[in-house]
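Letter by letter, the chains look like this.
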Amino acid sequence: MPKKAIQLSDHFTYSRLLRFVLPCIGTMLFTSIYGIVDGLCVSNFVGKTAFAAVNLIMPLPQLLGTVGFMLGTGGSAIVGITLGEGDPKKADRYFTMFLLAALISVSVLAVLGILLLRPVAVLLGAKGELLDYAVRYGRILMLALPPFALQNMFQSFFVTAEKPLLGFWFTVGAGCTNMVLDVVMVGMLHWGVEGAAVATLISQLVGGVLPVFYFIDHHNTSRLHLCRTQFYGRVLWDACINGSSELMTSLSMSLVNILYNFQLLRLAGENGVAAYGVIMYAAFLFVAVFVGYGNGADHRGDPASGGYADPAGQYYYAAADLPLWLPESPVCVLPVHRSAWGLYGIFRLFGGQRFGQHPARQRFAAGAGGRAGGGAGAVCSLVAAVRCMVRKGRAVK
């Protein structure tokens, strides 16, 4: 007998919670594959300099695309609350507005990124062939920013729409597209870094544009659909505040990577940037598990179905009083990260990586409590970012 589909209004047990978040974990794992597959193909078919260029410029488009994480986190919280209050039409209008806001803002950032890409690469220390590779790769990635942001948003909204498994399959399709096209364009057609970037662009169109057609169809069983909307300034502001911790987490990670690449290029040259890229690829896969858990666990529900309301009127699932974050025990976390660093034999060189907060905990803080929760999460993420920058700066001196 097939198992009944899990709904946000269900009473959660540990096994039900794990079943619900597994597609989200898989989604984040496949999302991490984009940069990894690009790096593998470029390093094997183009060369070390091109691989270093990819790793040098990759954090910049990721930094600009964090708007999608912010509006996905904060927007899905507000949309989930609205669904829990029994107003699906308003939830659809909010959902549509958040997508349009992200699309417009990220498109503007993409244009600015294309214009500023070469000066930023020069500022990071790139020159000669390394600069040429970085600019050629980065400009195509800037064109992929809008679908990249939409894909990040859909990771949250598919869960709110009670379709996490469908979101997982969209991401699997995008990841497989990227892998196949990387091999074809870089390995077989010898298009170089441009081939890797075009493969990423097409795969992000699969993950960020195809779901739009699903949500346009009002005859499916999704709880969310695209519709005519209007501008809700206060709601958009609340979503930005609510998703600020996710924004700051993504910004801090991107900025730390940029600073690390800058120092490594100055002190160790292309070899240092390439080595750091290999390490980060392994770390991405392990961190994706925690982020995926947070994406799946942090969603709201209908108070009539076992949830409860805080003083601000926001509804959450009690989920049988289950803890929705992973334990902050060194026994739980440190072996995972250290095994990733040690996998490539250079853990001691870089001194390990510490995080101010677990991504799952930050994900929970992003939605829990509206302005207060978002503001507190942002402050915690800012402190963690500064602390991480200082420690990593000392490590390379």
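Refer to the structure presented above.
Here we summarise the structure given alongside this text.

Calculation criteria
- Residues numbered from 1 in each chain as written.
- Predicted model: local features only at pLDDT ≥ 70, side-chain atom pairs only at ≥ 80, totals over all residues.
- Heavy atoms only, no water.
- Patch = residues over 30% accessible without salt bridge, like charges linked within 9 Å, V, L, I, M, F, W, Y side chains within 5 Å.
- Areas by Shrake-Rupley, 256 points an atom, 1.4 Å probe, with all protein chains shown as cover.
- Salt bridge = Lys/Arg side-chain N within 4 Å of Asp/Glu carboxyl O.
- Helix = DSSP H or I, 4+ residues; strand = E, 2+ residues; numbered from the N terminus.
- Expected span 1.5 Å × (residues − 1).
- Buried < 20%, exposed > 50% of the residue type's maximum accessible area, 1.4 Å probe, protein only.
- Axes fitted to C-alpha atoms, helices over the stretch in contact; angles between N-to-C directions.
- Parallel < 35°, antiparallel > 145°, perpendicular 65-115°, else oblique.
- Left-handed = near helix turned anticlockwise from the far one by under 90°.
- Contact = heavy atoms within 4.5 Å.
- Nonpolar A, V, L, I, M, F, W, Y, C, P; charged D, E, K, R; others polar.

### Here we look at a nonpolar patch on the surface
Together, Leu 100, Leu 103, Ile 104, Val 108, Val 111, Leu 112, Leu 115 and Leu 116 make up a nonpolar patch on the protein surface, roughly 730 Å² of accessible area in all. Its location among the elements puts Ile 104 in helix H5 (residues 88-123).

### Focus on helix H12 (residues 244-267)
With 24 residues, H12 ought to run about 34 Å at 1.5 Å a step, and its terminal C-alpha atoms sit 34 Å apart, in line with that. Summarising burial for H12: 18 of the 24 residues are buried, a large majority. One or two steps after H12, the chain reaches Gly 269, where phi turns positive at roughly 75°.

### Describing the packing of helix H4 (residues 66-84) against H12
Their axes nearest at 7 Å, the elements H4 and H12 cross at an angle of 155°. Considered as vectors, H4 and H12 are oriented roughly antiparallel to each other. Between H4 and H12 the crossing geometry is right-handed. Along its contact with H4, which presents Thr 66, Val 67, Phe 69, Met 70 and Thr 73, the element H12 presents Ser 244, Glu 246, Leu 247, Ser 250 and Leu 251. Among the residues forming the contact of H4 with H12, the class breakdown is five nonpolar, four polar and one charged.

### Concerning the packing of H4 against helix H11 (residues 233-242)
Packing of H4 against H11 brings their axes to within 7 Å, and their N-to-C directions diverge by 115°. In this structure, H4 meets H11 at a crossing whose hand is right-handed. Of the residues in H11, those in contact with Met 70, Leu 71, Gly 74, Gly 75, Ala 77 and Ile 78 of H4 are Val 235, Leu 236, Asp 238, Ala 239, Cys 240 and Asn 242. For the contact of H4 with H11, the per-class residue count stands at eight nonpolar, three polar and one charged.

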